[in-house]
Amino acid sequence: MKTYFKIAILSLFAIGFTQCDDIDDIQPEGDGISAAQVTEAVSLVPSRAKADFVGMFTMMGQPYFYAPSSTRADDFGFIMMAISQDAEGPDLQFPNSGYNWFSVCGELTSRTPTYANPLIRYSTPYSQLKMANDMLRNYISDEAQLDDAEFIGSLDSVAVNTIAQSLAIRAFDYLSLAPYFQFSYAAGAKDEPCVPLVTLSTADAANNPRATVETVYNQIIKDLTWAIDHLDAKRETKAYVNKNVALGLRARAYLATEKWAEAAADAEAAQEGYTPASIADVSTPSFYDISDKNWIWGYDMTTSMAGGKYGTSPSWIGSFSKEAYACGVGVYAFINKMLYDKIPATDVRKGWWVDENLHSPLLETVDWDGVTGDDVAKLQVADVKEPYFAYTNVKFGVPSMPKPTDQNDSDWPFMRVEEMILIQVEGLAKSGQEAKARQILTDFVTTYRDPSYKISAARSFADEIWFQRRVELWGEGFAWSDMQRLNKPLVRFHSLDETNYPDAFAFNLPAKDPWMLMRFPQRETNTNFGIVNNTGGVAPKIGINPELRDGVTD
Amino acid sequence: MKFLINRKLVLTQNKKRMSKRLWIFLTCLFVSASMAFAQKTVTGVVIDKSTGEPVIGATVRVDGTSLGAPTDVNGRFTIANVPETAKMLKVTYVGMNDVEVAVKQNVRIVMEPTTQNIDEIMVVAYGTQKKSSFTGSAAELKAEDIERHISTSVTGSLTATTAGVQTTSSNGDPASESHAILVRGIGSMYASNTPLIVLDGMPYDGSISSINPQDVETMTVLKDAAASAIYGARGANGVILINTKRGRMQDAEIKFDARWGSNSRAVPQYDVIDDPAQYYETAYKQLFNDYAYNGYTTAEAYARANARLLDQNNGGLGYLVYTLPEGENLIGTNFKLNPNATLGYSDGEYYYTPDDWYKETIHNSFRQEYNLSISSANDRLNYYASVGYLDHNGIVDQSAYKRYTGRANVDYQVEPWIKFGVQLNYTHADFEQPDYTTSSWASSGNLFYHVNNVAPIYPLYVRNADGSIAHDSNGLVKYDSNQTNQKRPNTVGNPVRDNQYDRSQNYRDMITGNWSLILTPIKDLTLTARIGINSDNRRRNQLYSTFGNASSVDGAADATNVRQFSVNNQYLANYASDFGTDGTHNFDFLLGYEQYKYKYQYTYAYNTHLYDPYIGEVDNAHGPGDDKSVSSYTNNYMIEGIFGRAQYDYKEKYFVSGSIRSDASSHFHKDHRWGTFYSFGVAWNLAKESFMEDYKWIDFLKLKASYGEQGNDDLASADYPYFPYAFMYDISYDAENNAYSKTLAQIGNDELTWEKNRNFNIGIDFGLWKGRLSGSLEFFTRSTSDMLYFLNQPVSSGFGSKQKPINVGSVRNLGIELQLNGTPIKKKDFIWDVNFNLTHYKNTIRSLHPSVAENGIKGSYYIRRVGGSLYEAYVYKYAGVYTKDNYPEGSTYDPANDGRALYYTQVTEKVKDAEGNVVKDAEGNDVTKEVTKKTLNFSDATQYDDGDILPKLQGGIGMDFKVYDFDFSFQCGWQLGGRFYDATYQSLMHTSDQSVGNAWHKDALKAWSPENTGSDIPRLESDYSVSQGAVDRFYASSDYFSLSNITLGYTLPKAFSTRFGISNLRVYVAGENMFVLSARKGLDPRFSFGLGGYTAGTGYASGNYSAMRTVTAGISIAF
């Protein structure tokens, strides 16, 4: 009995001790990687350290970046922001149906502080801004060190380049916010509160009030100037920032702050090394490849990231995806007929949208299941493709051209040389060099878009430039900021009987209508007590203000 | 094999006595061995004292031997070969007190019915305890309470039966039927509120539906700290102890139970417009109003409404299902259907007529269940073995759950001081699930959402021009998925089609094992070592059919494998003894170490292009590399703890107990990993006091109080729940640029530590009039501090949607519980039992993080502020419709606004004196005041704190009748005084173009109109700004009354059944979840606690698998 007893007790304790595994050994295994594991990986393979820098660019168009578990079809970073900004504007729209995730933009109910669309649009630039600031913190501890030439001189070239790119990204982020939360210089709003600034000097994110429009633009220009001074044209991929990109961004900032000559100069410098897409280039659905000669900066979308996802540009603004909202349910992005009608028939860009008979010469280069030409427009494939309707866009192609894609891996342009030309034209025109401006514009359009182009006498030259921007940059996210920058009314329709807009989205708003300003999301006002939100205005109703005109679509 | 007639299955277990018996057994072992010479035959009769009738089926055993016999139909027994040395006979029968009498011939033994609650033994943490000495608060359900429920999961029987336990049934899916259980209110904001399940003494992490309810002997809910603090970690939300059955009688008892029945939808559809004409008319009226009230002429309004009605790209319905004379409109200027219109329309290629999606999809289905068990016990070996089969089908096609269970419980007394026990359970489940999740709410892929919300004008099927349903070349039915010449405005594909053609096959194997070694090396000391494992392997194969939604990729398949494995080690030392004369001082010490490890492993593969369209495996999927998707990862979790407990009582009058436990959790950083938890309880058994002797009608009266603290480490809602202390990152790789990319996935906090629950409980337990009335009344506070919480970061700080886990703030639940069990009538052939319970609690947030303490945390539909509840509504307030008697203050009445919705708004105004001048204060500033006004403009409306929505009272009432050989029982549940955000109703009262094509509630017909000016429902008009807002008018009362269970049974008289060798035969019909009466037809307030908005919380209800009603008939036989 005693032997049994001893054996039993011993075995009990033996089991007990062997089971005393160290609780400290429990680590993540693949489901995300912890900070400690990152440190370990970097020490084992030093090149892994670069992943933070790459991540700052990857997030820009990453599907479901804001809320990975929700997989919202309208959650894809700066690309989604571009589509939203244009869908709020006068020229781009989606049908009014239950499929339209951008209907809050069409209705302009995107001013509701609890809605997801405006939250994603507010959150995305600040998320990238944080990554840029974190990147800066690897090298500098406060902003003042940037002005310490001796200190900067002591850094290696990789460090300086990283700082410069991060500063340029920071500026890009503010440029993606400022036009939407306050009116512009042109509207006399430069001293009005805009958005909170977050720099390395920001002490309390929970009490960070809105900086004025001018303060925000001063920071943008300061960051970009540093970047321009320390960058050159070289970079590993066009997804990153080089001197051209920084110059282009500063040109945009100068345009917004009405520094016309500076804008023209920067825009001209930014063009170096890039040439506009030719008539032939854009006579087929295009704007999907970052390696195109006219792209200065873009998003390099990989198949593994986009593969079949609905949170992508081909799913929404494209018309050539077999795995897409737009095609699958016929919620195609289309152009406002008022603008379309103003495009001369000789302009290649007229073909970027099918006409009222569903014709576009661009479709001749498309092969959808053996169907080509205008038959592509009419093609119906159950659950895959609905027929196009009048004014459906065919501007944006897919990498599998001439065939449709089911991978949705189109790249996205953030900056094209054509935009720089138009900035240069506007800067020159408004700084007293209109003749030169007219010449450059005429040269550009006749060479690259419409050989029989003549500057329209029906509208002012300023409005002509805006018209060119609206046509050339349609869908790329400039519509709303241009309208605000020029202090123009929102004019989407003239008469309900003539518009191709859904009635619910057919309304106009006068310039400086308080409803034009975005509201800070509830999530921000709940946590940043420095914010005083925008107020005023009323959600527009069907068919209001039909008398308004904007000078372009009159 | 010879089946002896035996007594009914015994339902309670007496572990404490077992050890005493063991010693008796050991002493007798030697005695009987040495003196087994002289023998005799003993006979006698057993009589029920209360009735004078013979007791049939009582077990008579000769103490100290393995001899025994049951009583026959006349109460008589005969035991042969009784050794002369045998002294005592022991008689047991369920519901009667055990009797011991000296061995003699023709003995007449009188048994007394058990008085309830006296010295009943209950299952408690790490053992059992006399109910009288228990200082904590617990509720116990026994096998008979559980067996009566026709439920897949054992926790279903908690519904409405137990005070302080709140169940919600968010899901009727037969494959994932589960009940969210709350013990004494919501204690956590973000951490789990789920109680810890302890199966046969071991923490259980498997699926609750993998435990066959028929195998369960007792289920005990530990509610307060004294009861559950010893579980320290994870005991904070209460503990549910489930013990499975053991053998109880000498000879094998075989039990067989079979049930056949029908499942149906328990909650009806909302009262929706089901007449297509009425639906078109309503849609037309809304469109018309959009123009008529917006400055357009009546003629223009008619014209625009006609132009849009069928234009799916312009906010219209997209479908015409009426045939109209050439050039005529569907709806006339009187807003009525064109009298010349006839239902059904053909465009020459297709014929269009609406289908009743609800009737085509929702149907009754079959349920069957079979259980067989065998059990027996002798002095050394005790076993229980069972097999079960359940075939449980859903209310839609491709929804089914088949479960096979097998259990073996064996305890073996190796030596007098060594006992070995094994409990093994194997469960295999095959199931199919339709496509729905509440998070896919409003998706046109969600079968339930769509069927509940589709307008009555849309066809389900494609029809040929002649009206017949179209089939494809394979003979498959063609479901309408926008492939005809008409387009729907809001439905991608067709969820009914996908449910028919897609396949979701799930396989689950689960092994639960529990091995224990119990040593008694010296008297009163028990050492226990226990190892429990739970292995759960799941495989899901999903086929996305090329004939359905995966046609673009020519079919797709995914395979998911989840392997969960946990092992729990437990080492206990228990010393229980007494000293002083007759057990004046009784004490019991427990020391223990416990360690729990859990591993979760996930593998997933997906690809497209299925060669064989019906094989849902990835090797049948030959899609290009870009289509392939694979994933795998492992997560680990571990806790360990040491604990001790001491109990003492003086003459079973005064009881004191205390426990302490220290736990470490891998959820926390190693510097903040350990937490120490404790409890303390006292009780006073008044009935044992001499001054109570005169009150003979009091059987039992106990006052008790306890206080203690428990921990919670389960941040249930995190994306990376395993390591909340760590910053986590997502990595991706770009092959084109050969670059890894890293983005933040989770904010970590290495300061994070245990959430603590402090429970105070004071109560009285009583038994009166020999068990005719018993019950308890308890008062409790449950306070959570260091609450695990995800703090939103300023969006501008760049963390996006990511939240920082912190310990913050505190919440308190203050409550009272009453539980009563009574027997108003107790006669020989008529027994009437009543049970009643009632709970009230109030939830209050006591403190919050400094950053949000002042303003509270505001969401689109909730506000969390100090002094408020965790379930505090935050809503826009509806101020009625605009009329000449009700319009915004200070404005001019405009008849064009008649019938529009008004909302309240808070406005700050300057105070003016009688002359109209602004009043200034002493410093010369304008004096202002806040006034409440009405506004037509929703964007100016103010969101108000609208108070706690939790019910004030909830409870249950049940009755049991035994009339001759019939038994009848029912159990009802109810709650009162709360509110439920009826977002389904809100969506059925839609005003937005984005809801076009959705069903309308019939209340939409009662909207304000010039002909119906008395209505409080705003006129039909598109109002996008308000369409998703949380508005108080959509809060409905959450009061409900439900019949959760009803049973009628007939037991064949023993006198009759015993002739066939059957000890018990009962036939019955039972209904589960029979109905719920609520404030509105279709509303099921049991879906959640009621807080919600249009797109969150209760808003998910319409995308959910509706609750099922089950009606079965069964037969139960015991040999």
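Located above this text is the structure these notes cover.
For clarity, every value in this text was computed on a predicted model and none was experimentally measured. (Residues numbered from 1 in each chain as written. Chains lettered and ligands numbered in written order. Predicted model: local features only at pLDDT ≥ 70, side-chain atom pairs only at ≥ 80, totals over all residues. Heavy atoms only, no water.)

A. A look at the overall build of chain B. Secondary structure assignment for chain B yields eleven helices and 56 strands. Once the C-alpha set of chain B is aligned to its principal axes, its extents read approximately 115 × 85 × 70 Å. Here chain B holds 1119 residues, and 60% of them are scored as buried. Considering only contacts within chain B whose residues lie at least 6 apart along the sequence, 70% involve residues at least 24 apart. (Helix = DSSP H or I, 4+ residues; strand = E, 2+ residues; numbered from the N terminus. Buried < 20%, exposed > 50% of the residue type's maximum accessible area, 1.4 Å probe, protein only. Contact = heavy atoms within 4.5 Å.)

B. Structural detail: the overall build of chain A. Helix and strand counts for chain A stand at 22 helices and eleven strands. Over its C-alpha trace chain A gives a radius of gyration of 26 Å, about what one expects of a compact globule, namely 24 Å for 554 residues. Judged by the C-alpha coordinates and their principal axes, chain A covers about 110 × 65 × 45 Å. The 554 residues of chain A split such that 65% are buried. Taking all contacts inside chain A whose residues are at least 6 apart in sequence as the whole, residues at least 24 apart take part in 70%. If you sum the accessible surface of chain A, you get close to 18300 Å²; carbon and sulfur atoms cover 54% of it. Of the side chains in chain A, 48 bear a positive and 73 a negative charge, and the two mean positions are spaced by 2 Å. (Rg over C-alpha atoms; globule rule 2.2 N^0.38 Å. Areas by Shrake-Rupley, 256 points an atom, 1.4 Å probe, with all protein chains shown as cover. Lys, Arg positive; Asp, Glu negative; His and termini not counted. Charge placed at Lys NZ, Arg CZ, Asp CG, Glu CD.)

C. Broad picture of the pairing of strand β10 (residues 138–142) of chain B. Residues and elements named next belong to chain B. In terms of residue burial, β10 counts as a mostly covered element, since four of its five residues are buried. Relative to strand β15 (residues 216–222), β10 is paired through five bridges, and the arrangement is antiparallel. Bridge pairing in β15 links Ala138 to Leu222. (Pairing = 2+ DSSP bridges.)

D. Structural view of the packing of helix α11 (residues 243–256) of chain A against helix α12 (residues 260–270) of chain A. All names here are of chain A. Two elements in contact, α11 and α12, have axes whose closest approach is 8 Å; the angle formed by their N-to-C orientations is 160°. With respect to their mutual orientation, α11 and α12 come out roughly antiparallel. The handedness of the crossing between α11 and α12 comes out as left-handed. For the pair formed by α11 and α12, the contact residues are Asn244, Leu247, Gly248, Arg250, Ala251, Tyr254 and Leu255 on the first element and Trp260, Glu262, Ala263, Asp266, Ala267, Ala269 and Ala270 on the second. Residue composition of the contact of α11 with α12, grouped by class: nine nonpolar, two polar and three charged. (Axes fitted to C-alpha atoms, helices over the stretch in contact; angles between N-to-C directions. Parallel < 35°, antiparallel > 145°, perpendicular 65-115°, else oblique. Left-handed = near helix turned anticlockwise from the far one by under 90°. Nonpolar A, V, L, I, M, F, W, Y, C, P; charged D, E, K, R; others polar.)

E. Structural view of the side chain of Arg497 of chain B. Assignment of secondary structure puts Arg497 of chain B in helix α8 (residues 495–501). Setting aside residues no more than four positions away along its own chain, Arg497 of chain B makes contact with Asp383 of chain A together with Tyr479, Ser481, Phe547, Gly548 and Asn549 of chain B.

F. Molecular detail of the interface of chain A and chain B. On the chain B side, the residues contacting the 94 residues of chain A number 108 residues. Between chain A and chain B, the buried area comes to about 8300 Å², and carbon and sulfur atoms account for 54% of it. Per-residue buried area on chain A facing chain B is highest for Ile23, Asp31 and Arg523 of chain A; these three make up 8% of the total on that side. Linking chain A with chain B are five salt bridges, by the criterion used here. Connecting chain A to chain B are 35 residue pairs in polar contact (both at pLDDT 80 or more). Counting residues per element, the ones that place at least two in the side of chain A that touches chain B are α1 (2–18), β1 (33–34), α2 (35–44), α3 (51–58), α5 (103–107), α6 (116–137), α13 (303–306) and α22 (522–525) of chain A. Here the residues of the side of chain A that touches chain B are counted per class, giving 44 nonpolar, 31 polar and 19 charged. Pairing of β1 of chain A with strand β35 (residues 728–734) of chain B involves two bridges; the strand directions are antiparallel. In the sheet register, Ile33 of chain A faces β35 of chain B, and the bridge partner there is Tyr729 of chain B. (Buried area = accessible area lost by both parts, 1.4 Å probe. Salt bridge = Lys/Arg side-chain N within 4 Å of Asp/Glu carboxyl O. Polar contact = N/O pair within 3.5 Å; in protein donor to acceptor, adjacent residues only side chain to side chain.)

G. Broad picture of the environment of Trp674 of chain B. Residues and elements named next belong to chain B. For Trp674, the position within the fold is in strand β33 (residues 674–685). Sequence separation between Trp674 and Glu689 is 15 residues, and the spatial gap between their C-alpha atoms is 43 Å. When residues no more than four places from it in sequence are discounted, the contact partners of Trp674 are Glu640, Ser662, Asp663, Ala664 and Trp754.

H. Main features of the sheet that holds strand β36 (residues 739–746) of chain B. Judged by pairing direction, the sheet is antiparallel, and its three strands sit side by side in the order β1(A)-β35(B)-β36(B) without closing on themselves. Two strands lie at the open edges of the sheet, namely β1 of chain A together with β36 of chain B, each paired on one side alone.

I. Structural view of the packing of aromatic side chains. Inspection of the entire model under this criterion finds 81 aromatic pairs over all chains. A centroid spacing of 4.9 Å and a plane angle of 85° characterise the contact between Tyr332 of chain A and Tyr388 of chain A, whose relative ring orientation is edge-to-face. In this pair, Tyr332 of chain A is assigned in the loop between α15 (325–329) and β6 (334–335) and Tyr388 of chain A in the loop between α17 (374–378) and β9 (412–416), connecting sequence segments 56 residues apart. Tyr388 of chain A gets classed as buried once you look at its relative accessible area, which sits at 3%. Feature note: the residues Phe287, Tyr340, Trp352, Trp353, Tyr391, Phe396, Trp412 and Trp474 of chain A constitute an aromatic cluster, connected by ring pairs. Positioned above the aromatic ring of Tyr729 of chain B, the side-chain terminus of Lys742 of chain B is 4.2 Å from the ring centre. (Phe/Tyr/Trp six-rings, centres within 6.5 Å; stacked < 30°, edge-to-face > 60°. Lys NZ or Arg CZ within 6 Å of the ring centre and 35° of its normal.)

J. Region of the structure containing the nonpolar core. Membership of the largest hydrophobic core comes to 273 residues, with the highest contact counts inside it found for Tyr174, Trp297 and Tyr388 of chain A together with Tyr280 of chain B. Sorting elements by how many residues they give to this core places helix α8 (residues 157–175) of chain A first, with ten residues. Discounting chain neighbours no more than four positions away, the residues touching Tyr280 of chain B are Leu309, Leu310, Leu317, Tyr319, Leu320, Val321, Tyr322, Leu330, Ile331 and Ile457 of chain B. Counting 21 residues, the second largest nonpolar core, distinct from the first, contains Val62, Phe77, Ala86 and Val101 of chain B. (Core = buried A, V, L, I, M, F, W, Y, C linked by side-chain atoms within 4.5 Å.)

K. Representation of a nonpolar patch on the surface within the structure. Residues and elements named next belong to chain B. Among the surface-exposed residues, Leu381, Val410, Tyr412, Val414, Phe420, Leu424, Tyr426, Ile511 and Trp515 lie close enough to one another that they form a single nonpolar patch of about 680 Å² accessible area. Mapped by element, the contributors of at least two residues to the nonpolar patch are β24 (400–415), β25 (418–432) and β27 (503–519). With respect to the secondary-structure elements, Leu381 resides in strand β23 (residues 381–393). (Patch = residues over 30% accessible without salt bridge, like charges linked within 9 Å, V, L, I, M, F, W, Y side chains within 5 Å.)

L. The packing of helix α19 (residues 434–448) of chain A against helix α20 (residues 461–472) of chain A, seen in detail. Residues and elements named next belong to chain A. Here α19 crosses α20 at 30°, and the two axes come no closer than 12 Å. On the basis of the axis angle, α19 is roughly parallel to α20. Handedness of the α19/α20 crossing: left-handed. Here α19 contributes Glu434, Ala437, Arg438, Leu441, Phe444 and Val445 to the contact with α20, which in turn contributes Phe461, Glu464, Gln468 and Glu472.

M. Looking closely at the pattern of salt bridges. By the definition in use, this model includes 77 salt bridges over all chains. The partner of Glu386 of chain A in a salt bridge is Lys487 of chain B, and the shortest N-O contact between them spans 3.0 Å. Of the two residues, Glu386 of chain A sits in the loop between α17 and β9 while Lys487 of chain B sits in the loop between β26 (463–464) and α8, which places them in two different chains. For the pair Glu386 of chain A and Lys487 of chain B, a shared accessibility class is recorded, and that class is buried. Connected through salt bridges with shared partners, the residues Asp347, Arg349, Lys395, Arg416, Glu418, Arg449, Glu472 and Glu476 of chain A form a single ionic network.

Keep in mind that these numbers describe shape and distance, not what the molecule does.
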